[in-house]
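# Fold and geometry: a report
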Amino acid sequence: MGWSAMRPEAALPLVNRGTAEVICYRPAGPMTVGRLLGEARALAARLPATGHAINLCADRYRMLLGFVAALMRGHPTLLNADASPHRLRALAEAYPGAYLLTDKPVASGLPLVLVEDDTAEEWTGPAPMLPARQLAAIAFTSGSTGQPTAHLKPWDALVAAALAAAERFALRPGDGAASSVLATVPPQHMYGFETTIMLPLQAALACHAGEAFFPSDVLDALDALPERRLLVTTPLHLRALLAEHRRPATLAAVISATAPLAMNMAEAVERDWGAPMLEIYGASEAGSMASRRTALEPDWLPYSGIRMGQGDVHVPGLGAVPLTDAVEPAPGGRFRLLGRRADLVKLGGRRASLAELNRVLAEVAGVEDGVFVAPEDIERNPAARLSAYAVAPGRTTEEILAALRLRLEPVFLPRPLVLVPALPRNGLGKLTRAALDGLRLAMAAP
Amino acid sequence: MPDGTMTPTAIASGLTPQELDVARLIVSALSLEVAPEAIEPEAPLFNEGLGLDSIDALEMALAVSKAYDVKLRSDDERNHRIFASLRSLTAHIEKHRTR
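Note that this is a predicted model, so its numbers are computed, not measured. (Residues numbered from 1 in each chain as written. Chains lettered and ligands numbered in written order. Predicted model: local features only at pLDDT ≥ 70, side-chain atom pairs only at ≥ 80, totals over all residues. Heavy atoms only, no water.)

### Describing the overall build of chain A
Cut-off, in case you're wondering: Every helix listed is a DSSP run of H or I at least four residues long, and every strand listed is a run of E at least two residues long, numbered separately from the N terminus. For a compact globule the rule gives 2.2 Å times the number of residues to the power 0.38, and the radius of gyration it is set against comes from C-alpha atoms. Any residue under 20% of the maximum accessible area for its type is buried, any over 50% is exposed, and the rest in between are partly exposed; the area is computed with a 1.4 Å probe on protein chains only. Any two residues whose heavy atoms approach within 4.5 Å are treated as being in contact. Every accessible area reported is derived by Shrake-Rupley at a probe size of 1.4 Å, with residue values counting cover from the shown protein chains alone.
Of the regular secondary structure elements, chain A holds 11 helices and 27 strands. Here the C-alpha radius of gyration of chain A, 23 Å, is about what a compact globule of 446 residues would show, namely 22 Å. Looking at chain A residue by residue over its 446 residues, the buried ones come to 53%. Considering only residue pairs separated by 6 or more positions, chain A has 63% of its internal contacts joining residues 24 or more positions apart. Just so you have it, chain A exposes about 18,600 Å², and 56% of that area is on carbon and sulfur atoms.

In structure tokens:
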């Protein structure tokens, strides 16, 4: 029975699994649900009485531990991986009483609780129940201007999404041997949070605890995990992994999200790795909404309970959430993605509006006019970068970049930033693509 | 564009020939708007120095693997030191290169 057919519950279990089941693989060995809950109970006792948890842990077990401890105390977790002092200050202002949960020392003025290895008594008996509407997490969409937007995630919405994903990827209890999952995305990103924190709590899946970033790390870590393995990654990482020409350990599936996956990469995974290549369509606001097997299916199949509308999507536990993509219905209950609103660009899993970026550039002291340009291949090339043109007499590119660095996420910094005497604006003050292309060619000429 | 030969500027820049090779590799792999000779050998590669980010880190791992058959890793405690600067990255490559 799908989630949508179930009656709303007043309380839902924190963990939907037995205490003897493995929830995480650490270098020291497998960690069971009972161990996690026991350690979380001990950590929860050390947390402040009230507040919001900024969980910066890079080790996925400790991220999980901190999240569960905060849930036990009724504290929402702020899904933020940015440990820069100005970001932490901004969060502390927006969420009075915010404290840090970290596994490494962090310089900040905020209260800090270190998440360390513990030898707490194991949890026995039934899992704790949480109020269905408890605010469990807050996700952020970065925006380009350093003013992130918050998206509230009640516990029932997170659980519904995890159960729907488990159903889609055949991870429900009884579907077969417990699976392991390794992710190249941080657990503070909504996609990484759903697949490596929420899924292990609600489905028969154990996450790999360590950081795996470079291709060799990822391939070695997969070797060390037990079957059935899932690899949760992005087009950017897949491109680097495929370039290694080393076949990974047998994979139950590879899952990609955050950007459209090129067909040749999907085909390479299916052919060279012998694994189904699946894509998830999701957004920080709504969470995961649909999936497809890219090489075989052009259209997306919504998760159980998800209803795609015109301009919005109905999500269990969240209601109607606006969409940044245009979609159209396709046969078999599926939908087709028609593309992003032209003003939005997405790089390295982060979104920005070109209009906002242009505004930030224009606000740099000494900049009289400026424009950001997205490359033609931005939807296909995972390593694509923006460029920018600026009119700024007397200023250097280094000075302007230094000013932009204070205001923008690093992935949106222009590469290159080109200083020009004037922008080719037409009679209406508009910049056409053709005029900008002409400018680029003129600047490239010797 | 890198052409594989030493130039007088390179010698003046304070980079060793090996560092210059790695600098050229980085500049070309990441399409940086900086002359390889202009990279400060001791300046941080990431954040405030050259301003590289995680997309660059992956691109750099690809390029270093292809050119030197050296695999960069993140589970390594020394990782922060390896990526601290062009000089430390070059030293790591020189120690582990097989071609």
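Don't stop here, the text continues.
### Side note on the overall build of chain B
The helix and strand tally for chain B stands at 5 helices and 0 strands. When the helices and strands of chain B are placed in sequence order, the string is α-α-α-α-α. In chain B, buried positions account for 47% of the 99 residues. Partitioning the intrachain contacts of chain B with sequence separation of at least 6 by distance along the chain shows that 53% fall at a separation of at least 24. Of the roughly 5,100 Å² that chain B leaves accessible, carbon and sulfur atoms contribute 53%.

### Some thoughts on the pairing of strand 3 (residues 29-32) of chain A
Looking down a regular strand, the side chains alternate between one sheet face and the other. Residues and elements named next belong to chain A. Condition: Here a strand pair is declared whenever DSSP counts at least two bridges between the two strands.
Relative to strand 3, strand 2 (residues 22-26) runs antiparallel, the two sharing 4 bridges. Bridge pairing in strand 3 links Arg-26 to Gly-29. Counting the residues between successive antiparallel strands, the hairpin from strand 2 to strand 3 contains 2 residues.

### A word on the environment of Leu337(A)
All names here are of chain A. As for its placement among the helices and strands, Leu-337 is situated in strand 22 (residues 335-340). Each C-alpha atom of the pair Leu-337 and Gly-309 lies 12 Å from the other, and the pair is 28 residues apart in sequence. Leu-337 has contacts with Tyr-281, Trp-300, Asp-325, Ala-326 and Val-327, leaving out every residue within four places of it along the chain.

### Looking at empty space enclosed by the protein
Residues and elements named next belong to chain A. Heads up, the rule is: Put plainly, a pocket is an open set of points on a 1 Å grid over the protein atoms alone with protein on both sides within 12 Å along at least five of seven lines, a cavity is a set where a 1.4 Å probe fits but cannot get out, and a lining residue has an atom within 4 Å of a point. Grid points are joined across faces, edges and corners, and a volume is the space filled by probe spheres set on the points. Just so you know the grouping, Ala, Val, Leu, Ile, Met, Phe, Trp, Tyr, Cys and Pro go in nonpolar, Asp, Glu, Lys and Arg go in charged, and all remaining residues, Gly too, go in polar.
According to the stated counting rule, one finds 5 cavities of 30 Å³ or more in the structure shown. Roughly 90 Å³ of internal volume is contained in the largest cavity. Considering the residues around the largest cavity, the lining is formed by 14 residues, among which Ala-165, Glu-194, Thr-195, Leu-199 and Ile-280 are closest to the centre. Secondary-structure elements contributing two or more residues to the lining of the largest cavity are helix 4 (155-168), helix 5 (190-202) and strand 13 (229-233). Residues of the lining of the largest cavity, tallied by class, amount to 11 nonpolar, 2 polar and 1 charged.

### A few points about the domain arrangement of chain A
Residue and element names in this part refer to chain A. Stated precisely, the cut-off is as follows: The domain boundaries here were taken from an automatic or database domain assignment. For any pair of parts, buried area is found by adding up, for both, the accessible area (1.4 Å probe) each one loses once the two are put together. One speaks of a salt bridge when a side-chain nitrogen belonging to Lys or Arg is within 4 Å of a carboxyl oxygen belonging to Asp or Glu. Under the rule applied, a polar contact is a pair of N or O atoms within 3.5 Å (in protein, one hydrogen donor and one hydrogen acceptor; residues adjacent in sequence only if both atoms are side-chain atoms).
Assigned domains within chain A: domain 1 (3-340) and domain 2 (344-444). For domain 1 versus domain 2, the separation of C-alpha centres amounts to 33 Å. Between domain 1 and domain 2, the contact holds 17 residues from the first and 17 residues from the second. In this assembly, domain 1 packs against domain 2 so that about 1,500 Å² is buried in total across both faces, 49% of it on carbon and sulfur atoms. Here domain 1 and domain 2 share 0 salt bridges between them. For the pair domain 1 and domain 2, the interface holds 1 residue pair in polar contact (both at pLDDT 80 or more).

### Here's the deal with the pattern of salt bridges
All names here are of chain A. Across all of its chains, the model carries 26 salt bridges over all chains by this definition. Between Arg-334 and Glu-297 there is a salt bridge, and its shortest N-O distance comes to 3.3 Å. Of this pair, Arg-334 sits in the loop between strand 21 (325-329) and strand 22 while Glu-297 sits in the loop between strand 16 (287-293) and strand 17 (301-302), and the two are 37 residues apart along the sequence. The salt bridge involving Asp-299 is made with Arg-336; its shortest N-O contact spans 2.6 Å. Of this pair, Asp-299 sits in the loop between strand 16 and strand 17 while Arg-336 is found in strand 22, placing the two residues 37 residues apart along the sequence. Judged by its relative accessible area of 8%, Asp-299 is buried. Assessed through its relative accessible area of 37%, Arg-336 is described here as partly exposed. By sharing partners, the salt bridges in this structure join Arg-26, Asp-59, Arg-62 and Asp-117 into a single network.

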